[in-house]
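Below, each chain spelled out in residue letters.
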Amino acid sequence: MKNSVRIARDEHGIPHIEAEDPAGLYWGLGYVHATDRPLQMLLARIAGQGRVCELLDGSDSSLEIDLFFRRMNWQSCPQAQRNALSAEALEACEAYCSGVQAALGRRPPWELKLLGYRPEPWTVEDIFLMVRMLGYITLAQSQGEIERLFVEMVQAGVSKEKLDELFPGILGGLDMDLLRQVKLGRRTVPQLLWGSGVPMPLASNNWVVSGSRTASGKPILSNDPHLEVNRVPSVWYEVVLRSRDRYAMGGSMPGLPGVLVGRTPDIAWGATYAFMDAEDSWVERCKDGRFFREGDGWIPFRVRKERILRKGGEAAEVFFYENDHGVLDGDPREEGLYLATRWAASESGAATINHIFRMWNCRDVAEGMELLGRAEAAFNFVLADRHGNIGYQMSGLFPKRREGVSGFVPLAGWLRENDWQGFAEPQELPRCLNPEQGFFATANEDLNRYGRVKPINMPMGPYRAERIARLILERDRPLTVEDMFRMHRDVYSPQAELFMRVLKPLLPKTPAARILAEWDHKYDADSRGATLFEAFYKALHKEVFGRQGLGEAALDFLERETGTFADFYFNFDRVLLSERSAWFSGVPREEIYRKAAAAALAAPPRPWGKTRKVMLSHILFGGKLPSWLGFDRGPITIPGSRATVHQGQIYRSGGRTTTFCPSYRFVTDLSSDEARTNLAGGPSDRRFSRWYCSDLKNWIRGRYKTLRPEGAQGGITSFLVAKP
């Protein structure tokens, strides 16, 4: 670093970092991350390293967490990834780590001191670990888990006809006899429940509107990533970076150098998850610790031994068996068929970091598409620039497969034709520059039509994207940032509208039925119609997929303890909205709807908001300390549903309550150097900091603060950090 680094907080507690060179900026970013979010960073690293049992808690549940992360092996290939970093990126990463260490050395989190943990230095390898966790947890993970659930459905006896309806067009290469013989280790649904965790999903909205549709005459970009919000601190950390005549501001994630959702003087970008199928499983024929390969015979697995230390108990020794298809789910010393699973970006990191850093000097949308398209994890990016351009680009390592195979169905691992055949180039992925309609919106739906390859197998429903488009197209005047604020809060459900077209003529003449019939399809806090519709929707699942299909016990587990129906509801909706289906078992659809409606209308409806209250729990002490200490906040009401622009879902996953909501709202008009934001939390994870949950009221009420690159001048708190 050539000069000192100046760090000042604005009136919202957001750090503004100024330096003469990139190394100084990223030293400062590491410093503020580790000053404000040390607990979040260190807990994430401990989990990613598979050391929860060793450092925090030696329980069996902690061991399960460690086994998951040790299986993923995200600390592999550190030297190869370091060597792949550009000289500029490596310098910035090392500066970031130095800044982290300066802050941790000054004041490590007292919460971890109580547990006897003293943080090791933050390293470039830890950055790679964070990149992989960001790209997989609740994202690519969802694809792998629904594919495993599919195998469980085959083994549970669900017919080919029903599977074709539920997963249309993606079952190429299916060999049901082969899948029935697979020995499953990890299961989504306990085996005893069939016939008698799917992941916590992530979704988001982002859209960009051309200047031809805005009051300012310049593009407006909007983003609201959907993540778990019932934890403190928020996943996101806002920051402003300045160096000479350049700035970058927006949302970062502690542990990672760079702005992930934000803008510079020239360009803005926002991200949603792409639901790319970048994780595949293969059926491996195993015996005596080996797997069979056509033409090569029996080949030994690579064996990785992991020793997991446990607080207050004996260390656990675990063996993982690997080949080019990934990690085996089972012990190949016992003869049988097992699944091996590989995620395309499991050894990634360097390319993502290289190209995110280059966004600092990016001048237009076309260049931004080229840069962001080379990120290794799967995201949908929308972009806008000062010149008036807008665009969309999918990123991610998408495996090329043999013709007729989508990647959804596990294939025979011993046949070479089933191997991956390289990866698609960013130019082949879905993308669009300056669309004719003057806007582009993504909401985790099927966007395959915009690419030369088709990376999406299991998208979420099109409802949110359709609603965003409708709100833009119906506007009879030019759009403003205030219009974007209203769109963020929109709770109208196109999904409910579709179902009500079928249901409304079938409703009985009762007071409760009248409430449902007159419902406006909005999931606001006072709505009783929303409560009645959700009761009907759940009863409909029970009638079709419980009694007629998967079994009520399996269905109840999937709805109660997983995110299956929070994430992949559209596949089930296609069946439920069909006039005829194998899942109906010969019963007319109208009769099924009437029966589900009768069950839903039996109980008096409560206002929707009364059923949607959650606590924001501290990331370490949640629910364990007296409420008056203020570590937990709430309860708060979560409006909306699975299919509303304001995503609002509450369910259980991994044995605890979780949420699926807008975690960060970001709007920027390229006519000025401002961004309007709010955050489900605050800058700090330090309970006794004034910035602990300082933005929460804004987030709840839909109020937006303003970020400006010069906003720290005259700020509340200011301090100078000398050159290390």
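Note that the coordinates shown come from a computational prediction; the quantities given were computed from them, not determined experimentally.

Another point: the pairing of strand E14 (residues 316–323). Of all 8 residues in E14, 6 are buried, a share of seventy percent or more. Pairing geometry for strand E13 (residues 302–308) and E14, over 7 bridges, is antiparallel. Across the sheet, Ile 308 pairs through a bridge with Ala 316, a residue of E14. In terms of strand pairing, E14 meets strand E15 (residues 326–328) through 2 bridges, oriented antiparallel. Opposite Asn 323, over in E15, you have Gly 326 as the bridge partner.

Okay, the confidence of the model for the chain next. Predicted coordinates in regions of low pLDDT should not be interpreted in detail. Looking at the chain, the pLDDT average stands at 91 and 94% of residues meet or exceed 70. Confidence over residues 190–201 falls short of pLDDT 50; this stretch has 41 contacts with residues more than four positions distant or in other chains.

Among the nonpolar cores identified, the biggest contains 202 residues, and Phe 150, Phe 167, Phe 533 and Phe 536 are the most heavily contacted of them. Per element, the largest residue contribution to this core is 14 residues, and it comes from helix H8 (residues 124–155). Residues contacting Phe 150, with those up to four places away along its chain left out, are Leu 163, Phe 167, Leu 171, Leu 174, Leu 179, Phe 408 and Val 409. Membership of the second largest hydrophobic core comes to 17 residues, among which are Ala 441, Leu 479, Val 481 and Met 484.

Turning our eyes to something else, we now look at helix H6 (residues 87–106). Because an α-helix completes one turn every 3.6 residues, residues spaced three or four positions apart along the sequence face the same direction. End to end, H6 covers 29 Å across 20 residues, agreeing with the expected 28 Å (1.5 Å per residue, within 8%). Buried within H6 we find Ala 89, Ala 92, Cys 93, Ala 95, Tyr 96, Cys 97, Gly 99, Val 100, Ala 103 and Leu 104.

This model, assessed by the stated rule, comprises 48 salt bridges. Put simply, Glu 18 and Arg 6 hold a salt bridge, and the shortest N to O gap is 3.8 Å. Of this pair, Glu 18 sits in strand E2 (residues 15–18) while Arg 6 sits in strand E1 (residues 5–9), and the two are 12 residues apart along the sequence. Looking at Arg 6, the relative accessible area reads 31%, which means it is partly exposed. Here Asp 490 ties to Arg 467 by a salt bridge, and the two come within 2.9 Å at their closest N and O atoms. Separated by 23 residues along the polypeptide, Asp 490 in the loop between helix H14 (481–488) and helix H15 (494–503) and Arg 467 in helix H13 (residues 463–474) bring together distant segments of the chain. Grouping residues by exposure puts Asp 490 and Arg 467 together as buried. Several salt bridges converge on common partners, so that one network encompasses Arg 45, Arg 51, Glu 54, Glu 120 and Asp 126.

Attention shifts here to the packing of aromatic side chains. The full count for this structure, using the stated rule, is 40 aromatic pairs. On the numbers, 6.2 Å between centres and 90° between planes, the contact of Phe 275 with Phe 568 is edge-to-face. One end of the pair, Phe 275, is in the loop between strand E9 (267–273) and strand E10 (279–287); the other, Phe 568, is in the loop between helix H19 (564–567) and helix H20 (569–576), with 293 residues separating them in the sequence. Overall, Phe 568 belongs to the buried group, its relative accessible area being 1%. With a centroid separation of 6.1 Å and an interplanar angle of 50°, the aromatic rings of Phe 379 and Phe 381 are classed as tilted. Note on Phe 379: relative accessible area 15%, which makes it buried.

Axis separation between H15 and helix H21 (residues 589–600) bottoms out at 10 Å; the angle between their running directions is 105°. Classified by the angle their axes make, H15 and H21 are roughly perpendicular. For the pair H15 and H21, contact is made by Phe 499, Val 502 and Leu 503 and by Arg 589, Tyr 593 and Ala 597, respectively. Here the contact of H15 with H21 is composed, by residue class, of 5 nonpolar, no polar and 1 charged.

Parameters and conventions
- Residue indices begin from 1 for each chain and proceed along its sequence in written order.
- In keeping with the model being predicted, local features are shown solely for residues with a pLDDT of at least 70 and side-chain atom pairs are shown and tallied solely at 80 or more, while totals for entire chains, interfaces and linings include all residues.
- Heavy atoms throughout the structure, all of them, feed into the side-chain values; hydrogens and water do not.
- In this scheme, a residue with accessible area under 20% of its type's maximum is buried, one over 50% is exposed, and one in between is partly exposed, where area comes from a 1.4 Å probe on protein chains only.
- Numbering of helices and strands runs from the N terminus, with a helix taken as a DSSP run of H or I at least four residues long and a strand as a DSSP run of E at least two residues long.
- Two strands qualify as a pair provided that DSSP identifies no fewer than 2 bridges between them.
- You can read pLDDT as the predictor saying how much it trusts each residue, on a scale of 0 to 100.
- Only heavy atoms enter the contact rule, under which two residues are in contact if any of them lie within 4.5 Å.
- The set of buried Ala, Val, Leu, Ile, Met, Phe, Trp, Tyr and Cys residues whose side-chain atoms join them within 4.5 Å is what this entry labels a nonpolar core.
- Expected span of a helix: the number of residues minus one, times 1.5 Å.
- The salt bridge definition used is simple: a Lys or Arg side-chain nitrogen within 4 Å of an Asp or Glu carboxyl oxygen.
- What counts as a ring pair is set by centres within 6.5 Å for rings of Phe, Tyr and Trp (its six-membered ring), and what kind of pair is set by the plane angle: stacked under 30 degrees, edge-to-face over 60, tilted for all other angles.
- The axes used here are C-alpha line fits, helices contributing only the stretch in contact, and every angle between their N-to-C directions lies in the interval 0 to 180 degrees.
- Should an angle lie under 35 degrees it is considered roughly parallel, over 145 roughly antiparallel, and from 65 to 115 roughly perpendicular; all remaining angles are considered oblique.
- We call Asp, Glu, Lys and Arg charged. Ala, Val, Leu, Ile, Met, Phe, Trp, Tyr, Cys and Pro are nonpolar, and the rest, Gly among them, are polar.

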